[in-house]
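Below are the chains, spelled out letter by letter.
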Amino acid sequence: MSQPFQDKSFQTKAIRSNNQFTQEQEHSAAIFLTSSFQFDSAEQAANRFEKKELGNVYSRFTNPTVDAFQKKLATLEGAELCQATASGMSAIFATIMTLLKPGDHMVASLDMFGTTIVLLNSIIRKFEIKVTFADLSNTKAWEYSIQENTKLFLLETPSNPLGEVADLKALSAISKKNNIILAVDNCIMTPALQQPLLLGADLVIHSATKYLDGQGRCLAGAVLGNRELIEEISSFTRSTGPTLSAFNAWIILKGLETLGLRMQAHCENAKKLASWLCKQSFVKKVYYLGLENHPHHHIAKKQQSNFGGIVSFEIVGGKSEAFRLINNTKMLSITANLGDTKTTITHPATTTHARLSIEEKKLSNIKENLIRISVGLENIEDIIDDLKL
Ligand SMILES: *Cc1c(COP(=O)(O)O)cnc(C)c1O
């Protein structure tokens, strides 16, 4: 079926594109909670299994609700195809296991989601895949890390919690020249604010658990790119099983409809909070990409349409002052989760980055007085009130 809304704006596509309906003429997406599908005849079953006839077979690899989510997200990222997964981690794992074999090498950014670092340093090494870490924003460091057997560049931009940014166009030129696949975890920006495929990336990875759902309800992930790459990843997930449940796909499908509006509101609140923090005497330093004094503000401005909802700051003092401020809040949620309508506050050094060694924390600039806020959608005055000491 042709998609009549492809040329519309982001928010219209998020609501109107790729909607699939049954004969019941439901206005909102139906949910298909079925493990398998039945066939009219043995011949049809055979044809479906051999992929000679399009249609559903079994929900580990096709399900209409999951398909609706995949198609809508693919439209929003400008991707040919999308493979949904059970979580962001399974999307990252499926990508690496599909693209690399023992003896291969990959380069990953230093400042990545904590569990991604743990995955790369433990399970991935068991498969004798070599990993080099490079400074996200130092394009030359990526180029110098390339070896004969380098197959993959994996990074997250902007990084969390400090908002370091990679120059995606420059990295894409280097990866293309060297036949390396460039995969970008776009969880922090979402396609509402940044579309890495349009900047030259080969794959986009998502933890849909965060902003895509946006309401903290369930886990999900996705990998997006061209047909050839995604079909390879789909055969990995089909055979190993970390695919998305129809129920979670249905929840996030609804989340996508408000993604553009929510991201704008997250950005507006984050910008106001960052400006307020800059003026407080208990604050030593504020990290928000939207502030002109952030070292990566200008590159962010080139490849993102806004600066996102994550604001971090160093408090005057150390860990005990940071803990005191966190414990002093009444409304904010003390949790490491992000991308929720609820504002969350966390102390990275003892939570999200607790598993890093002292040297690794130093290298990543995660100090004991650092506090991260995932700015939610409550009224900004109430968020600010809760942070007053
Ligand atoms: C949360 C997160 C992940 C992991 O996603 P899950 O859905 O929790 O498995 C990966 N990358 C980034 C940037 C994240 O924030």
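Residues numbered from 1 in each chain as written. Predicted model: local features only at pLDDT ≥ 70, side-chain atom pairs only at ≥ 80, totals over all residues. Heavy atoms only, no water.

1. Let's talk about the nonpolar core
In terms of nonpolar packing, the biggest core is built from 65 residues, with Phe69, Leu273, Val311, Phe313 and Leu387 touching the most fellow members. For this core, the element with the highest residue contribution is helix α11 (residues 259–278), accounting for eight residues. Here this core spans two domains, since at least three of its residues come from each of domain 1 (3–256) and domain 2 (262–387). With near-sequence residues (within four places) excluded, Val311 lies in contact with Ala270, Leu273, Ala274, Leu277, Val286, Tyr287, Tyr288, Ile371, Arg372, Ile373 and Val375. Residues Ala91, Ile92, Leu100 and Leu154 belong to the second largest nonpolar core, which totals 27 residues. (Core = buried A, V, L, I, M, F, W, Y, C linked by side-chain atoms within 4.5 Å. Buried < 20%, exposed > 50% of the residue type's maximum accessible area, 1.4 Å probe, protein only. Helix = DSSP H or I, 4+ residues; strand = E, 2+ residues; numbered from the N terminus. Domains from an automatic or database assignment. Contact = heavy atoms within 4.5 Å.)

2. With respect to helix α5 (residues 114–121)
For α5, every residue scored as buried is listed here: Gly114, Thr116, Ile117, Leu119 and Leu120. Each element contacted by the buried residues of α5 is listed here: α4 (88–99), β2 (105–109), α6 (123–126), β3 (130–134) and β4 (150–156).

3. Some remarks on the domain arrangement of the chain
By domain assignment, the chain separates into domain 1 (3–256) and domain 2 (262–387). Inter-centroid distance (C-alpha atoms) of domain 1 to domain 2 is 27 Å. Taken residue by residue, the interface counts 32 residues in domain 1 and 36 residues in domain 2. With both sides pooled, the region where domain 1 packs onto domain 2 buries about 2700 Å², and carbon together with sulfur makes up 58% of that total. Sorting the residues of domain 1 by area buried against domain 2 places Leu162, Leu193 and Tyr211 first, and these three jointly supply 28% of that buried surface. Counting across the domain 1 and domain 2 interface gives zero salt bridges. Counting across the domain 1 and domain 2 interface gives 15 residue pairs in polar contact (both at pLDDT 80 or more). Here the side of domain 1 that touches domain 2 gets three residues from one element, more than from any other, and that element is α5. For the side of domain 1 that touches domain 2, the class distribution of residues is 15 nonpolar, twelve polar and five charged. (Buried area = accessible area lost by both parts, 1.4 Å probe. Salt bridge = Lys/Arg side-chain N within 4 Å of Asp/Glu carboxyl O. Polar contact = N/O pair within 3.5 Å; in protein donor to acceptor, adjacent residues only side chain to side chain. Nonpolar A, V, L, I, M, F, W, Y, C, P; charged D, E, K, R; others polar.)

4. Overview of the sheet that holds β2
Read across the sheet, seven strands follow the order β1-β7-β6-β5-β4-β2-β3 without closing on themselves; strand pairing throughout is mixed. Among the strands making up the open sheet, the edge pair consists of β1 (81–85) and β3. Put simply, the sheet's adjacent strands are angled 20° from each other on average, direction ignored. Direction of pairing for strand β5 (residues 181–185) relative to strand β6 (residues 203–207): parallel, over a ladder of three bridges. Among the inter-strand pairings, Val184 is bridged to a residue of β6, identified as Val204. The sheet strands contacting α4 are β1, β2, β4, β5, β6 and β7 (221–225), and the helix crosses β6 at an angle near 150°. Running at roughly 140° to β3, α5 makes contact with β2, β3 and β4 of the sheet. (Pairing = 2+ DSSP bridges. Axes fitted to C-alpha atoms, helices over the stretch in contact; angles between N-to-C directions.)

5. Considering the environment of Ile15
As for its placement among the helices and strands, Ile15 is situated in helix α1 (residues 10–16). Take Ile15: its relative accessible area is 34%, and that puts it in the partly exposed class. As for Ile15 and Arg262, which are separated by 247 residues in sequence, their C-alpha atoms are 13 Å apart.

6. With respect to the packing of aromatic side chains
Throughout the structure, instances matching the rule amount to six aromatic pairs. Judged by centre distance (6.3 Å) and plane angle (65°), the rings of Phe39 and Phe49 are edge-to-face. Remark: Phe49 occurs in helix α2 (residues 42–49) and Phe39 occurs in the loop between α1 and α2; sequence separation between them is ten residues. Between Phe93 and Phe236 the ring centres are 6.4 Å apart and the planes differ by 75°, which places this aromatic pair in the edge-to-face class. Of this pair, Phe93 sits in helix α4 while Phe236 sits in helix α9 (residues 227–240), and the two are 143 residues apart along the sequence. (Phe/Tyr/Trp six-rings, centres within 6.5 Å; stacked < 30°, edge-to-face > 60°.)

7. Here we look at the pattern of salt bridges
For the structure on display, the rule yields eleven salt bridges. In this structure, the salt-bridge partner of Asp67 is Lys71, at a minimum N-O distance of 2.8 Å. One end of the pair, Asp67, and the other, Lys71, are both in helix α3 (residues 64–77), four residues apart, so they sit about a helical turn from each other. Overall, the relative accessible area of 25% leaves Asp67 in the partly exposed class. A residue is classified by how much of its surface remains accessible, and Lys71, at 38% relative accessible area, is partly exposed.

8. Observations concerning a nonpolar patch on the surface
On the surface, a nonpolar cluster with roughly 290 Å² of combined accessible area is contributed by Ile31, Leu33 and Phe247. In this fold, Leu33 is placed in the loop between α1 and α2. Judged by relative accessible area, Leu33 falls into the exposed class, the value being 64%. (Patch = residues over 30% accessible without salt bridge, like charges linked within 9 Å, V, L, I, M, F, W, Y side chains within 5 Å. Areas by Shrake-Rupley, 256 points an atom, 1.4 Å probe, with all protein chains shown as cover.)

9. Some words on the pairing of β6
Within β6, five of the five residues are buried, which leaves it mostly tucked inside the rest of the structure. The side-chain alternation of β6 yields two buried faces, one formed by Leu203, Ile205 and Ser207 and the other by Val204 and His206. When β6 meets β7, the two strands line up antiparallel, connected through five bridges. Bridging from a neighbouring strand, Ser207 pairs with Gly221 of β7.

10. Some words on unusual backbone geometry
Residue Pro158 is reached from Thr157 by a cis peptide bond, and omega for that bond is -5°. For Pro158, the location among the structural elements is in the loop between β4 and α8 (168–177). Residue Pro161 is reached from Asn160 by a cis peptide bond, and omega for that bond is 15°. Turning to its location among the elements, Pro161 is positioned in the loop between β4 and α8. Despite not being glycine, Gln25 shows a phi value in the positive range, around 60°. Positionally, Gln25 belongs in the loop between α1 and α2. With phi around 65°, Asn365 is a residue other than glycine that occupies positive phi space. Within the secondary structure, Asn365 is located in the loop between α14 (358–364) and β12 (370–374).

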